[in-house]
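Coordinates in review
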Amino acid sequence: MPSLFDPIRFGAFTAKNRIWMAPLTRGRATRDHVPTEIMAEYYAQRASAGLIISEATGISQEGLGWPYAPGLWSDSQVEAWLPITEAVHDAGGLIFAQLWHMGRMVPSNVSGMQPVAPSAIQAPGLGHTYDGKKPYDVPRALRLDEIPRLLDDYEKAARHALKAGFDGVQVHAANGYLIDEFIRDSTNHRHDEYGGAVENRIRLLKDVTERVIATIGKERTAVRLSPNGEIQGTVDSHPEQVFIPAAKMLSDLDIAFLGMREGAVDGTFGKTDQPKLSPEIRKVFKPPLVLNQDYTFETAQAALDSGVADAISFGRPFIGNPDLPRRFFEKAPLTKDVIETWYTQAPKGYTDYPLLGD
């Protein structure tokens, strides 16, 4: 079986190792969602990852509700991303842009408009806004005649991603955001061709993925799912009945890879009694499968040894350890990240974590 340090072929690329960097929202863009210079240093520091998957990046003003998160719908955003992707490539890395529509999780005081969702069901809890944490807005149900416009937004963002120097894109269909809201029965109460039956609830995921493939090619297109457990009020009563067919559909489309965030009973970022579906999804998904959440070096290697995963993406460990692959290889201690600096706009807790030998 391969080790975490072995290369892996996916889509049009070969990653130098199987220690990938998961998408991490960090809030270092401008209020207009334009990337900033400091982001080039941050991503370049982490270019030893087999693949960097960027922080979630908005496909449109409608779909982006996180303060100071970057977008990919305007020319100014594309231009600002260019030195970031160039810095990663100059450091020997690969980087995919994660394309994001937050659905009902978009606060109106960030986007300036009422959020959209499969159904008009308000999310629980509080959302991040420019005025602190506030209750989420009640979304309006996305109309059928708006879906072509939504697909156009994904196409434009995917085209912009390549123009901005990204090697490919990952469609964010996880974590309780728009596509995930369509997939799961707690948030999708529709009675049209996008609701009810499993094939209808995964239709938007299929539509978006097919549009992105048509735009930039299947070898540059990936998807992220979170098949088990509740997150941000989104859950499915029988996840195996919808996510295994979704994975089979994505396999048939021959995407570059599928990333999955899976919760557990003892999870540190959400707990769930719903079992992990990766063993069953592995049976139907043939391209590389990349798992995420709460993995240590030892459990990551065990997942590769078992054959259930082809690579592991690490999130929080990459915050405090820009050179995580080297630290794993040398069995060096890991630096603990500081949660208070996750979403600030300063260099502290962003680009000042030490490399080995510093």
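Residues numbered from 1 in each chain as written. Predicted model: local features only at pLDDT ≥ 70, side-chain atom pairs only at ≥ 80, totals over all residues. Heavy atoms only, no water.

1. So, the environment of Arg159
Relative to the helices and strands, Arg159 is located in helix H4 (residues 147-163). With 160 residues separating them along the chain, Arg159 and Ile319 place their C-alpha atoms 28 Å apart. Apart from the residues lying within four places of it in its own chain, the contact partners of Arg159 are Thr215 and Ile216. A polar contact is formed between the side chain of Arg159 and the side chain of Glu155, at a distance of 2.6 Å. (Helix = DSSP H or I, 4+ residues; strand = E, 2+ residues; numbered from the N terminus. Contact = heavy atoms within 4.5 Å. Polar contact = N/O pair within 3.5 Å; in protein donor to acceptor, adjacent residues only side chain to side chain.)

2. A look at the packing of aromatic side chains
The final tally for this structure, using the stated rule, is 20 aromatic pairs. When the ring of Trp20 is compared with that of Phe257, the centres are 5.1 Å apart and the planes differ by 80 degrees; the resulting orientation is edge-to-face. Taken as a pair, Trp20 in strand S3 (residues 19-21) and Phe257 in strand S12 (residues 257-261) lie far apart in primary sequence, 237 residues in all. Look at Trp20 and you get buried, because its relative accessible area is 0%. Residues Tyr42 and Tyr43 carry aromatic rings whose centres are separated by 5.0 Å and whose planes lie at 75 degrees to one another, so their mutual orientation is edge-to-face. Under the relative-accessibility criterion, Tyr42 is labelled buried at 1%. Three or more aromatic residues link up through ring pairs in this structure, and these residues are Phe5, Phe297, Phe314, Phe328 and Phe329. Across from the ring centre of Tyr130, 3.9 Å away, lies the NZ or CZ of Arg31, which sits over that ring. When the ring centre of Tyr194 is taken as origin, the NZ or CZ atom of Arg203, which lies over that ring, is 5.9 Å away. (Phe/Tyr/Trp six-rings, centres within 6.5 Å; stacked < 30°, edge-to-face > 60°. Buried < 20%, exposed > 50% of the residue type's maximum accessible area, 1.4 Å probe, protein only. Lys NZ or Arg CZ within 6 Å of the ring centre and 35° of its normal.)

3. Brief notes about helix H1 (residues 38-45)
Looking at H1, one finds that the buried residues are Ile38, Met39, Ala40, Tyr42 and Tyr43. Buried residues along H1 sit in contact with S3, strand S4 (52-58), helix H2 (75-90) and strand S5 (95-100).

Distances and angles like these do not, on their own, reveal function.
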